[in-house]
Amino acid sequence: MEDETIVALYWARDEAAIPATAKKYGTYCAAIAGNILESPQDAEECVSDTYLHAWNAMPPSRPQVLKAFLGKITRNLSLNRVRHHHALKRGGAAAVEELGEIVTSSDPVGEAMQRRELLRAIDAFLEGLPKRQRQLFVCRYWYFDSVTDLAARFQMTENHVSVTLRRIRKKLRRNLTERGFEL
């Protein structure tokens with residue numbers, strides 16, 4: 001079923017939207033939740049919650065890219081669950097620590113504008129990377145893929161993946177510092 005049709009089902013408040021979403025994107029959402037969460041049961045619950053959140057968001061939202069919309073919901077729900085349980089799964093904690101080396105903040109939520117500027121700066125940095133490096137970075141720090149999984153997917157050694165990610169983080173840190181961000 002096409003994404004536009006699935007979104008139209010949500011807008012029509014047709015319950016068939018949920019199984020259509022699960023059939024087309026269930027595996028994708030489960031992979032995101034599974035990479036972040038320790039427990040398969042927690043991951044399954046997050047995927048189910050994703051469908052509920054999508055149901056509540058449409059309308060008024062009409063996502064342009066349904067896959068990205070669902071992926072973002074799943075990721076945020078999974079990260080919220082992690083925060084609640086104070087635990088991350090294989091490599092997730094390491095991924096957060098790795099990025100923590102770059103971006104730290106003593107101000108809790110405040111500075112929403114500075115955060116947006118930081119996100120724009122990171123996006124611009126990522127756009128300037130070669131495709132493979134950008135994919136590695138996103139897979140590691142957005143989807144929380146383990147270094148082992150990345151090595152297999154990109155046909156690299158684990159050491160090569162780790163070194164590449166470390167170099168990207170170092171470049172990112174330098175780039176953000178040059179743009180005036182205090183790290």
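Residues numbered from 1 in each chain as written. Predicted model: local features only at pLDDT ≥ 70, side-chain atom pairs only at ≥ 80, totals over all residues. Heavy atoms only, no water.

Labelled according to an unreviewed UniProt entry, the protein appears under the name Sigma-70 family RNA polymerase sigma factor, originating from Candidatus Avoscillospira avicola.

Undergrad: Kindly report on the overall build of the protein, identifying the contributing residues and their values.
TA: Scanning the protein from terminus to terminus reveals nine helices and zero strands. Put simply, the protein runs from its N terminus to its C terminus through helices and strands in the order α-α-α-α-α-α-α-α-α. For the protein, restricting intrachain contacts to residue pairs at least 6 apart in sequence, the fraction spanning at least 24 positions comes to 66%. Carbon and sulfur atoms provide 53% of the accessible area of the protein, an area that totals close to 11,000 Å². (Helix = DSSP H or I, 4+ residues; strand = E, 2+ residues; numbered from the N terminus. Contact = heavy atoms within 4.5 Å. Areas by Shrake-Rupley, 256 points an atom, 1.4 Å probe, with all protein chains shown as cover.)

Undergrad: So, unusual backbone geometry: which residues are in play, and what are the values?
TA: A cis amide bond, omega -20 degrees, links Met58 with the succeeding residue Pro59. By the element assignment, Pro59 lies in the loop between α3 (40-57) and α4 (66-85). That bond from Pro59 to Pro60 is cis: its omega, 20 degrees, falls within 30 degrees of zero. In this structure, Pro60 sits in the loop between α3 and α4. In the Ramachandran plot, Phe144 falls in the positive-phi region, its phi being about 60 degrees despite a non-glycine side chain.

Undergrad: Go over helix α8 (residues 147-154), please, and point to the residues and values.
TA: Considered for burial, the residues of α8 that qualify are Val147, Leu150, Ala151 and Phe154. The arc that holds the buried residues of α8, viewed along the axis, is 100 degrees, so those residues lie on one side. Summarising the contacts, the buried residues of α8 are in contact with α7 (131-141) and α9 (158-178). Gln155, located one to two residues past α8, shows a positive phi value of around 55 degrees. (Buried < 20%, exposed > 50% of the residue type's maximum accessible area, 1.4 Å probe, protein only. Arc of directions from axis to C-beta.)

Undergrad: An account of a positive patch on the surface is needed here, citing residue identities and associated values.
TA: A surface patch of like charges, here positive, comprises Arg166, Arg167, Lys170, Lys171 and Arg174. Among the structural elements, Lys170 can be located in helix α9. (Patch = residues over 30% accessible without salt bridge, like charges linked within 9 Å, V, L, I, M, F, W, Y side chains within 5 Å. Salt bridge = Lys/Arg side-chain N within 4 Å of Asp/Glu carboxyl O. Lys, Arg positive; Asp, Glu negative; His and termini not counted. Charge placed at Lys NZ, Arg CZ, Asp CG, Glu CD.)

Undergrad: Any details on the pattern of salt bridges? Residues and values, ideally.
TA: This model, assessed by the stated rule, comprises five salt bridges. Residues Asp3 and Lys24 are paired through a salt bridge, measuring 2.8 Å at the closest nitrogen-oxygen approach. A residue pair is termed long-range when its members are at least 10 positions apart, and Asp3 in helix α1 (residues 3-11) and Lys24 in helix α2 (residues 17-36) qualify at 21 residues. Asp42 is the salt-bridge partner of Arg81, the closest N and O atoms lying 3.3 Å from each other. In this pair, Arg81 is assigned in helix α4 and Asp42 in helix α3, connecting sequence segments 39 residues apart. Judged by its relative accessible area of 17%, Asp42 is buried.

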